[in-house]
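Residue-level listing of the chains:
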Amino acid sequence: MLEDTSFAIHPGKEKQSTAVVYRDIGNLLEYKKSNNTYMFICDNGNVAVQFYTDSIARVVMNPHGEVQLDRSHTVKVSPDEVKAMEEFSGDIILLKTSKLQLRIEKSPFRITVTDAEGRMLVAEGNRGMAYRENGEVAVFKKMQENDHFYGFGEKSGFLDKRGEKYEMWNTDVYAPHNPETDPLYESIPYFMTLREGKAHGVFFDNTFRTVFDMKSESDYYSFSAEGGQIDYYVMAGPEPKAVLEQYTDLTGRMPIPPKWALGYHQSRYSYETEAEVRELARNFVNRDIPVDVIHLDIHYMNGYRVFTFDKERFPNPEKLIADLKEMGIRIVPIVDPGVKKDPEYTIYQEGVNQDQFCKYIEGETYFGEVWPGTSAFPDFTDEKVRKWWGEKHAFYTDMGVEGIWNDMNEPAVFNETKTMDVEVMHRNDGNPTTHRELHNVYGLLMGQATYEGMKEQLSGKRPFLLTRAGYAGVQRYASVWTGDNRSFWEHLQMSLPMVMNLGLSGVPFTGPDVGGFAHDTNAELLTRWTQVGAFTPYFRNHSALDTVNQEPWQFGKTYEAIMKKYIQMRYEWMPQLYSLFFQASISGLPVMRPLLMEFPEDEKTYNLNDQFMIGDNVIVAPILAPAVTDRAVYLPKGEWVEFSTGEVYDGEKTHLIHAELENMPIFVKKGTTVMQGEWISNKDKTAKNIQMNIYAGDSGETYRFTYYDDDGETFDYEKGSFLELGIEVVSKADVIEVRALNKKGDFTPAYKEIDVNVIGLEKTQKVIIDGEISRGNDHKISI
Ligand code: GLC
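Bear in mind that the values here come from a model prediction, so they are computed numbers and not experimental data. (Residues numbered from 1 in each chain as written. Predicted model: local features only at pLDDT ≥ 70, side-chain atom pairs only at ≥ 80, totals over all residues. Heavy atoms only, no water.)

(A) Representation of the overall build of the protein. Scanning the protein from N- to C-terminus turns up 13 helices and 52 strands. By its C-alpha atoms, the protein is 75 × 70 × 60 Å across when sized along the principal axes. Put simply, the protein has 783 residues, and 62% of those count as buried. Restricting the contact set of the protein to residue pairs at least 6 apart, pairs at least 24 apart contribute 68%. As presented, the protein carries roughly 29,100 Å² of accessible surface, and 47% of it is formed by carbon and sulfur atoms. When the 83 positive and 119 negative side-chain charges of the protein are each reduced to one mean point, those points stand 2 Å apart. (Helix = DSSP H or I, 4+ residues; strand = E, 2+ residues; numbered from the N terminus. Buried < 20%, exposed > 50% of the residue type's maximum accessible area, 1.4 Å probe, protein only. Contact = heavy atoms within 4.5 Å. Areas by Shrake-Rupley, 256 points an atom, 1.4 Å probe, with all protein chains shown as cover. Lys, Arg positive; Asp, Glu negative; His and termini not counted. Charge placed at Lys NZ, Arg CZ, Asp CG, Glu CD.)

(B) Fine view of the layout of surface pockets. By volume, the largest pocket is sized at about 630 Å³. Taken together, 28 residues make up the lining of the largest pocket; nearest its centre are Lys259, Trp260, Lys685, Thr686 and Asp711. Elements that contribute at least two residues to the lining of the largest pocket include exactly α12 (574-587) and β46 (702-709). Of the residues belonging to the lining of the largest pocket, the class tally is 13 nonpolar, 4 polar and 11 charged. When residues of the lining of the largest pocket are sorted by domain, at least three fall in each of domain 2 (264-336 + 385-408 + 442-576) and domain 3 (688-782). (1 Å grid on protein atoms, 1.4 Å probe; cavity = no way out; pocket = protein on both sides within 12 Å on 5 of 7 lines; lining within 4 Å. Points joined across faces, edges and corners; volume = space filled by probe spheres on them. Nonpolar A, V, L, I, M, F, W, Y, C, P; charged D, E, K, R; others polar. Domains from an automatic or database assignment.)

(C) Spatial organisation of the packing of helix α11 (residues 557-572) against α12. Between α11 and α12, the least distance of the axes is 5 Å, while the angle of their chain directions is 55 degrees. In this view, α11 runs oblique relative to α12, as classed from their interaxial angle. Here Arg570, Tyr571 and Glu572 of α11 lie close against α12, whose contacting residues are Met574, Pro575 and Leu577. The residue inventory of the contact of α11 with α12, partitioned by class, reads 4 nonpolar, no polar and 2 charged. (Axes fitted to C-alpha atoms, helices over the stretch in contact; angles between N-to-C directions. Parallel < 35°, antiparallel > 145°, perpendicular 65-115°, else oblique.)

(D) Structural detail: the nonpolar core. Ranked by internal contacts, the top residues of the largest apolar core, which has 173 residues, are Phe203, Trp389, Phe535 and Tyr707. In this structure Tyr707 touches Pro575, Ser579, Met675, Ile690, Leu723, Glu724, Leu725, Ile727, Tyr751 and Ile754, once residues within four positions along its chain are discounted. Membership of the second largest hydrophobic core comes to 45 residues, among which are Leu95, Phe149, Phe152 and Phe208. (Core = buried A, V, L, I, M, F, W, Y, C linked by side-chain atoms within 4.5 Å.)

(E) A look at the site of the ligand. Around the ligand, the structure places Tyr269, Asp297, Ile298, Ile334, Trp371, Trp405, Asp407, Arg468, Trp481, Asp484, Phe517 and His542. In the model, an oxygen atom of the ligand is placed 2.5 Å from a nitrogen or oxygen of the Asp297 side chain. Here an oxygen atom of the ligand and a side-chain polar atom of Asp484 are 2.5 Å apart. Partitioned by chemical class, the residues of the shell around the ligand number 7 nonpolar, 1 polar and 4 charged. (Near = heavy atom within 4 Å. Polar contact = N/O pair within 3.5 Å; in protein donor to acceptor, adjacent residues only side chain to side chain.)

(F) Structural detail: the sheet that holds strand β41 (residues 648-650). Reading across from one edge, β36-β37-β38-β43-β40-β41 is the order of the 6 strands in this open sheet, with antiparallel pairing throughout. What marks the edges here is a single partner per strand, and that holds for β36 (592-593) and β41. Where β36 and strand β37 (residues 612-614) come together, 2 bridges link them in antiparallel fashion. The residue of β37 that forms the bridge with Met592 is Ile614. (Pairing = 2+ DSSP bridges.)

(G) Fine view of the packing of aromatic side chains. As enumerated under the stated definition, the model contains 56 aromatic pairs in all. Aromatic pair Tyr264 and Phe539: ring centres 4.9 Å apart, planes at 70 degrees, arrangement edge-to-face. Of this pair, Tyr264 sits in the loop between α1 (240-251) and β21 (265-266) while Phe539 sits in the loop between α10 (523-533) and β35 (540-541), placing them 275 residues apart in sequence. An identical accessibility class is assigned to Tyr264 and Phe539; each is buried. When the ring of Phe582 is compared with that of Tyr708, the centres are 4.0 Å apart and the planes differ by 5 degrees; the resulting orientation is stacked. Here Phe582, found in helix α12, pairs with Tyr708, found in strand β46; they are 126 residues apart in sequence, far enough to count as distant. (Phe/Tyr/Trp six-rings, centres within 6.5 Å; stacked < 30°, edge-to-face > 60°.)

Next up, the structure:
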C-alpha cells in the first residue's frame, strides 16, 4: 500500500487549515432555580448546574433544547441535597458550597470553578462552552503552565498526558500499540489535573466519540464530543486520593474480587484440547508453580459459537472443570458478543425469535464478520437482552465455572471501521438511539449483563469477569486487561504508565498480557515481565497463536526458578494485596499507584514512569530493558529498605541500584508495615501463618494500615463475615509502638494470630506492642 511508504508524507499532501468554527454559548438571558438545580438560559444553549456533594459540581449544557439530567449510563447516584449559597453582584453569579465555588459571568456566559479558598480549578476565558451545527459540543478551559494531566483510562505513552491529544472510541487495535496508537479498547473520559501539589478532576460523561486536547494550544485545553450534551463534573480534590474517591462516588467501585482471581492466570490462544489443559495443570502442580486460573480461548467452542464446547476437543468439560478445581485451579472461558448466524444453532435461533439482536431502524438485523463468520450482536442496551444474555451463562456456571473472559466487546468487527455500523439503532432501555452514541458503552453493558447473570447463578459466590472494552464505571463489573500488546521490552515499559493511569481512572484491577501477546517472547523478557506481573493488580500470562509457548518453564531451569520464586511471592504478598483490594472496594483507590499519588508535592514524581507503588508504602522499581542489571531509582521523602537485601536508602535522592536477573528491587518505607503470608501448594492456597513485618523507623511519624481478610470467595462479608484490623505503628528514636486498633467483623480465619516481626531495630529502640514490651519478633497479635 502506498500509504505505508514515504508517499504518506508527500509534499502534495500537506494539510490545508481545518480551523473549526464553533458557536459560542453567548450571553445569559435568564437564571432560575428549581429545587437544587440551577438553570441558566443563554443565547445559544441551556445550562444546568448541580452539586452532587460539597466537593462535586456538575455542569450540563444542551445547545438545542432542555437539558437532560438523567441519561447517564454510568452515574447511578443522584445529587445530594446540597444547597449552594447564591450571591449576586453585577455581572457575576456565585454559587458556593463548603468546598467549591462556581463563579458565573453573564456576558458572555463563562464558568470558573475554584475551591473554597479561591484556588482556581477550572476556568473559562475568551472561550467557554460552544457547539457546531453538525452536533459537536466542546468546552475550552484555561491551561496553567504547571498543569499535569493523568487518567484518560487506557492510553499508550507516558504517565503525564500534558501535550497529548486523545480520542475515546473503543477500538480493537491488534497492532502496533505505540505511543501514537489511539484510541484503544477502553473509553474513560475522565482526567485528574495536578498543579503544585493539589489535584482536581473532570469527568466528561458523554458516550459519543470524544476528544481531549492538551496539545494544540499552550494556554487552553479542551474536551469535545461528536454529539450529545456537554455534561461534566468537577471534583474538588484537593489530594489526588480525594479526587479518586469523589470520582468513584459517581461511577462506582469494584466489589472485592474473589481471592483466586488475584492469583496467577495462565492463558494462551489457545489451549486447544482437554488433554492439553490437563497436561498444563499437571505441569504447574508438579513444578510447584502457583496457578489459580487457566483460560480457555476461542478454540474450546464448536465453530466459535458462544455457549458451546467442541465435543471432540473437550469431550467432558464438567469433569475437566471439577478435576482442575480439585487441584486448586479454575477454568475461565472466553465469551465474545458475536453470535454465529446459523439457523441450526439455538442461541442464534433464540436471539432471532426473541428479538435480542441489534437492528437498524428499518428492522433488519445488523450482521458483522467476527471469529465465527457472519454474526449478530445482542443489543445490551436493552434490559431484556442483558437478562437473556446473563441467564445464558448458566451453561457455564452449571459446569462449575465462576469466571468469564469478555473479549471483542468494543464490539470488534472485521471491516474497515473495525466496528458496528454507527447507524444501528439501539433500544437503550426505551430511549432508542444510534450506535454512534452508544458505541462506547456496548462493552460496559455486556459486562453488566454477564456479571449480574453470573452473580445470580453463583448463589452467594463472587463472580470474576475480565473484559477488554469498557467505559467509565467498568470497575463495577470487571477487571480489565490491556489487549493485544507484543513481546517487546517497549511494551513492558509502556504497561506501567498505562496500568497506573487506569488505576487513576477508577479501575483498580488491571494488567497487561505478561510476556507479551503477539510476537515471540524470550527468556529474559518473560522473566523480567513475570517479576513485574507479580506486583501488577491483574496477573495473567497470555500469548497468541503461532508465537512461541511462554509458560514459565519454557526457557529452561534457571529462568523457571526465578519466575517460580516471583509467582510464589505474589501469594506471599497476598495478605497485603488483598487488604489493598479491600481498600479499593471502599474508597476507589488503586492498588498499583504512581508515586505522585502519595507524594503530590514532589515534582520528581510527576512523570515517573518506570516505578510504581503498591499501596502507600511500597515502591517497585523493575528492570525494563535487556541485559540491564543496574538502574536509577528515585526514592521520595522518607527512608527506604530494599526488600531482599535489607539495605537502607535515603529519600529525596536518586540511587543506582543493582539487580541481577533473579532480583527486582522493591523498597518499603521505614516506619510502615507489610503483611505477608505463605505459599503452601496449588491445592491449598490458604495461608495458615500471617506475618506483620514492621520496618522500624525513627521519624516520629504515625503509620496506619487496615488489614483485611475474609473467606475470599463469597459475599458473606456483606453480612459481617470479615476481619478488619486497624494497625498503628509509631516509630521514635527510642521506641517502636505497635497497636492493633479497632477490630471489626466476625470472620474466623485459618490462623489464630498474626506474628509480629520488627525489621531493622536499633539498639536504642525498644518495642511496645499493644502496651507490652517485646523483644521485637516474639510477639503475636491474636485475632
Ligand atoms: C483477541 C484478544 C486476544 C485473544 C484473541 C482470540 O485478539 O485480544 O486476547 O486471544 O482475540 O480470542
